[in-house]
Every structure is written in C-alpha cells, then in structure tokens.
Amino acid sequence: MKTAIYARVSTNRQTQAQTIEQQVERLQTHLDLQGEPLPAENIFRDDGYSGANLNRPGLDRLRDRVKGGFLDRVLITSPDRLARNYVHQMVLLEEWERSGCKVEFLDHPMSQDPHDQLLLQIRGAVAEYERVLIAERMRRGRQMKLKAGALLPWTVPPYGYRSAPDRPRDPAGVQIEPAEGAIVRELFARYLEDKGTLLSLAKHLSQFSLPSPRGNQRWSAASIRGLLINPVYAGKLYIGRSRSRPARIRRSATHPLGNPARGQDPTPAQAWILVGSVPALVSQEDFDRVQVKLALNKKQATRNNKGYRYLLRALVSCGACQSACIARTTNGGLRYYICRCQAQPIYSQQDQRCRSRCIPAQQLDVLVWEDLCQLITQPDYIIDALQRARGGQWLPQHLQSRKQTLRKAQAGISQQMERLTEAYLIAIIPLAEYQRRRSELEQKTVVLEAQAKELEAQVDRQAELVQLGSSIEDFCHRIQAGLANATFDQKRTMVELLIDRVLVANGEVEIRYVVPTHPSSEKVQFCHLRKDYFDHII
C-alpha cells in the first residue's frame, strides 16, 4: 500500500514552535508501528497556511498525486488539519474516494458507518465555528487595544520612524530617525513648491542614490505619494484608512501570474478612527496643503484627459522591454503609442530608456481591427487553434521534451523485451535468466507508465480544453453582422472583450486574443475571469 501523510499549521508562530514537526513525527511513528515505509516524496506539509481555503501548495501537490493514482492512503492527524470548512472536507474526501484513495485520521479514526459520518460532520462544523470564533476574538481584542492607544497599527514603522526594540508595538516607544526624517521633511517642502511633482521628487532622490522605503535603488511616484498621504507624518495615528478587497485585474498582462493578490480601497476620512499620536515631522497646515495639491494634480492628470480617443488604450505593450505603452497626441495632431520606459523611465523603474520607436496609433488601430474582423468572420482559425492545443502542440517546451523522452524510453524497453524473448526461444539464455531480465524490464515499464500518467495529468492542466467549438462559432456568427457599421464605442467594447494584449516590437505586431467560451462570459473582460486573483480557489 502506498501511503502519504499530510500536516498543516496556520501561522508562522506555530511553524517556529515546531508543532508541524510534531504532527509529522506522530504520523511517521504510526506507520513505523505498522511496518510500512514512508518515502520522503510522500510527506506533504503546509507551513503557515490557513485551513479556511484550499489554495495551499502542499495540498495541491497531494491532490495531484492522488489524482494520478500514485497513492492508496492518506494519513492525517485530525480532520481540522485537512480543512476547517466542512464543505472543503467533503470536497477532498469525495475527490480522493473517486480516485480509490482512503483517508485516515489518527486522532479520530473514521469508517463508512453512518454514525462516524455524522460525527465527522459535527467535528467539521465545530472546527469551522472554532476558526471563526478565534479570528473574531483576535480582531476585537486588537481593535480594543488600538482604540485604547496601547498598540501601534503597524508591524513595520513608516519611513522616518523607529520603534523601541524591546517594545515594537508600543506607541510610547516611537522615535524619529534623523536622516530619514530630514528626507521626509524635504519631500513635503519640495512638493509644495510651484513646480513640485511626484516625478520631479523621484528624479531628485534618484540623483543621490538614496534607497526607497522598501530598500529599492529607485524611488517611484507611488512610493512618494504613499508618504505624502500618510497622516502619521502630521503626528496622528489612524486606523481604518483602507479596506481590503479581492483583486479585480492582474497587475500586468505580459508578466506571469503569482500568488493571489488583494487590493485596497481607501475609505472616507470621516470613517478613520484616531487611536493615538507620535512625534510629527511636518505641521498639520503643510500636510493639508499637500493633500489639496495632490487632489488637484490627480484631477488634472493626463490619464483623466479623454479628449483624444484611442481604440487600443491600455492594451498595447512594448515587445522589447515588456512595459506598457501610453497614448500621446502631438501638437500637430499625430497620435502615437509610446513605450512608457521610453517616455517615463522613472515610472517604469528602469535604469535606461527603451530604444523602441513610437507606434503610429491610427495605423495600429486599423491593423488590429481588421485582423479582429477577419478572425470573427472566419472562426475556423479558432477551432483549429483549439484542436492544436488539445493535441499538445501548445504545451511548454519542457513538457513536450519529457513526453518525447518517455515515449522513446517505452519504445526502447519494448524492443529489449522482444529481443529477450527471441534469445530465449532460440535457447541463447536459460529460463531463469530470461525470467530475471524480463522481471527487471517489466518493473521499468511500470515506472515509465507511472511517470507518463503523472505527466498526462500535468498536460491536462496545461491544455484543459473541452467541447467549445460550437459555442465559439455561435458567438462569432452573432456578432458578425454588426462589425461593418460598428461605432467607436462598440469597437472599443469589442476590443476590450476579445483582445488581451497587443505586443509591438521592431515592426512586428503580436495580438493575443481571448474568445468567450460561454454566453455568461461575453460581457466580462478576460482579466476579470482569472481565478488566480481571487482567494476562494477550490
């Protein structure tokens, strides 16, 4: 029987306390008593991951192994280590049961008896209740300490301040860091000058090679704005200045996705809660004047100027440096898409300007729109692309290479087995030698089949395409009629829906299309559908 173990703790503090090591040790001891070996690759653990959701790297690897048919049993200390939510527990248990894998809990052995199943449901509900209760108690306790002025609302002090090493969350221990404090005062003073802008401040700081608050070599306009809007520099500590929410769109369409991110929405100043004070770096009057100027500059920013219309606004990227392209119109009325690293290298966090050329906006708009119309009127191109993807031609290079290697190895073993049988039939080798060699080759065949099966599971994740042809053709036929007489707003809506990104480099244009595969997704942009940017992933 092939057995794996799974252990999990929720916080880094529990990880440092070695509680996950205790779980692993208990599970290993249990298997040792049963006389069953445990390979290192069958130990799955999640250090510092909450049981409230299923987005855990160790659990994902375990689910992949179970789905591939490589495990017969999973051993866990208790149900709440698997998941805190009863629904999540049932999802995993049913998924593994369909794959022929049995789950055993060390503290609470279970069976298919109705009483045990009822007990599992009750324990799952209690674990979920316990998680919510602990989280609420922690939140309320932290809020009461904040309001009482006994706790700082940050774990890392803002730029220009230092906390007492022996009491880092005590407001009474906050002190001004002289060098950084002088930089903050200069930033406020320079911004209040007539020609003071965020970009000019970033250029000024870059000349002196001063590290940013996060230790970067270059300052960005966003980091400077974060300093200028922070009321702590006026000596006031507030909580509730922002509200967390799931991310709506990805950060960049030309860069790979990372961990699910979260966004922050600012709350009205009336909703802020004053919880204490620290030594001020600027006066309240100067701070208020800076806020007024920031609001005015934001209102007059070029991104809010919609006097000129660009069909591919915010969809064009430079193929040379992968930076986004901004739209600009000259005094002569010529419209261009310009690489942001060429026009504003400070914003792009680049050491040198990009050498790419300006892209004529009108020519690119016409080119992309004509190509989009051709794609919609000839949906066979899309169907052909789906078929090629289903056949594995779009797999990453390393997966294709591994697939070909496994095929060659399997073919080689088949030839060896045929030659071995021929040698035995013509009495070159005795029966015992034939059986020994054939057994070795059969073992290699089993290993290769297991590897191929695991690789196919990865291939399925890379090219998980089902019967989508009829739905796509129906979508294309429904919108073909209105392409010829579409207004600019209608074209813009169509472009936002069907184009993910347009890359331009050295005169070559690459258009990355996305096609709705279901009627419910025809009114939602592709970047809003990426589940990688939402928390509750199953």
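Residues numbered from 1 in each chain as written. Predicted model: local features only at pLDDT ≥ 70, side-chain atom pairs only at ≥ 80, totals over all residues. Heavy atoms only, no water.

### Let's talk about the nonpolar core
Here comes step 1: Of all hydrophobic cores here, the largest spans 36 residues; its most connected members are Leu-312, Val-316, Tyr-337, Leu-364, Trp-369 and Val-502.
Here comes step 2: When residues no more than four places from it in sequence are discounted, the contact partners of Leu-364 are Leu-312, Val-316, Tyr-337, Ile-359, Val-502, Val-504 and Val-509.
Here comes step 3: Residues Leu-146, Leu-152, Trp-154 and Val-290 belong to the second largest nonpolar core, which totals 34 residues. (Core = buried A, V, L, I, M, F, W, Y, C linked by side-chain atoms within 4.5 Å. Buried < 20%, exposed > 50% of the residue type's maximum accessible area, 1.4 Å probe, protein only. Contact = heavy atoms within 4.5 Å.)

### As for the sheet that holds strand β16 (residues 508–513)
Here comes step 1: The sheet built from 3 strands is open, its strands ordered β11-β15-β16 with mixed pairing. Lying at the two open borders of the sheet, with one neighbouring strand each, are β11 (316–318) and β16. Here the average twist between neighbouring strands, direction ignored, is 25°.
Here comes step 2: Direction of pairing for β11 relative to strand β15 (residues 499–505): parallel, over a ladder of 3 bridges. Pairing of Ser-317 across the sheet is with Leu-503, part of β15.
Here comes step 3: Set on the sheet, helix α13 (residues 361–377) makes contact with β11, β15 and β16; between it and β16 the angle comes to about 45°.
Here comes step 4: Against the sheet, helix α18 (residues 488–498) makes contact with β15 and β16, and its axis sits at roughly 90° relative to β15, the strand it touches most. (Pairing = 2+ DSSP bridges. Helix = DSSP H or I, 4+ residues; strand = E, 2+ residues; numbered from the N terminus. Axes fitted to C-alpha atoms, helices over the stretch in contact; angles between N-to-C directions.)

### Some points on the environment of Gly-160
Here comes step 1: Its place among the elements puts Gly-160 in the loop between α6 (114–147) and β5 (161–162).
Here comes step 2: What makes Gly-160 buried here is its relative accessible area of 0%.
Here comes step 3: Taking the C-alpha atoms as reference points, Gly-160 and Ala-182, separated by 22 residues in sequence, lie 8.0 Å from one another.
Here comes step 4: If sequence neighbours within four positions are ignored, Gly-160 has contacts with Gln-175, Ile-176, Glu-177, Glu-180, Gly-181 and Leu-281.

### Some remarks on the pattern of salt bridges
Here comes step 1: The final tally for this structure, using the stated rule, is 19 salt bridges.
Here comes step 2: Residue Glu-180 is joined to Arg-162 by a salt bridge in which the shortest nitrogen-to-oxygen separation is 3.0 Å. In this pair, Glu-180 is assigned in helix α7 (residues 178–191) and Arg-162 in strand β5, connecting sequence segments 18 residues apart.
Here comes step 3: Looking at Glu-180, the relative accessible area reads 16%, which means it is buried.
Here comes step 4: A residue is classified by how much of its surface remains accessible, and Arg-162, at 39% relative accessible area, is partly exposed.
Here comes step 5: For Arg-190, the salt bridge is made with Glu-186, and the minimal N-O distance between the two is 3.0 Å. Highlighted residues: Arg-190 and Glu-186, both in helix α7, separated by 4 residues, approximately one helical turn.
Here comes step 6: Classification of Arg-190 by relative accessible area gives partly exposed; the value is 30%. (Salt bridge = Lys/Arg side-chain N within 4 Å of Asp/Glu carboxyl O.)

### Quick notes on helix α5 (residues 86–98)
Here comes step 1: The terminal C-alpha atoms of α5, which comprises 13 residues, lie 18 Å apart, in line with the 18 Å expected from a rise of 1.5 Å per residue.
Here comes step 2: Regarding α5, the residues found buried are His-88, Gln-89, Met-90, Leu-92, Leu-93, Glu-95 and Trp-96.
Here comes step 3: Downstream of α5 by one or two residues, Gly-100 has phi in the positive range, about 80°. (Expected span 1.5 Å × (residues − 1).)

### Comments concerning a nonpolar patch on the surface
Here comes step 1: On the surface, a nonpolar cluster with roughly 260 Å² of combined accessible area is contributed by Leu-118, Ile-122 and Val-126.
Here comes step 2: You can see Leu-118 is positioned in helix α6.
Here comes step 3: Overall, Leu-118 belongs to the partly exposed group, its relative accessible area being 47%. (Patch = residues over 30% accessible without salt bridge, like charges linked within 9 Å, V, L, I, M, F, W, Y side chains within 5 Å. Areas by Shrake-Rupley, 256 points an atom, 1.4 Å probe, with all protein chains shown as cover.)

### Quick word on the sheet that holds strand β4 (residues 102–105)
Here comes step 1: Ordered in space as β2-β1-β3-β4, the 4 strands form an open sheet in which the pairing is parallel. Strands at the two margins of the open sheet, each flanked by one partner only, are β2 (43–47) and β4. Going from strand to strand, the sheet's axes swing by 20° on average, the running direction of each strand aside.
Here comes step 2: Here strand β1 (residues 3–9) pairs with β2 via 5 bridges, running parallel. Within β2, the residue paired with Arg-8 across the bridge is Asp-46.
Here comes step 3: Contacts between helix α2 (residues 19–33) and the sheet are confined to β1, β2 and β3 (73–76), with β1 contributing the most and set at about 160° to the helix.
Here comes step 4: Across the sheet, helix α3 (residues 57–67) is in contact with β1, β2 and β3; its angle to β2 comes to roughly 155°.

### Some thoughts on the packing of aromatic side chains
Two aromatic rings are characterised by how far apart their centres lie and by the angle between their planes.
Here comes step 1: Applying the stated criterion to the full structure yields 6 aromatic pairs.
Here comes step 2: Taken together, the ring pairs in this structure connect Tyr-161, Phe-188, Tyr-233 and Phe-287 into an aromatic cluster.
Here comes step 3: Positioned above the aromatic ring of Trp-272, the side-chain terminus of Arg-241 is 5.4 Å from the ring centre. (Phe/Tyr/Trp six-rings, centres within 6.5 Å; stacked < 30°, edge-to-face > 60°. Lys NZ or Arg CZ within 6 Å of the ring centre and 35° of its normal.)

### Some words on the pairing of β16
Here comes step 1: For β15 and β16, the ladder comprises 6 bridges, and the chain directions are antiparallel. Across the sheet, Val-504 pairs through a bridge with Val-509, a residue of β16.
Here comes step 2: Connecting β15 to the antiparallel partner β16 that follows it, the hairpin turn spans 2 residues, and Asn-506 within it adopts a positive phi of roughly 55°.

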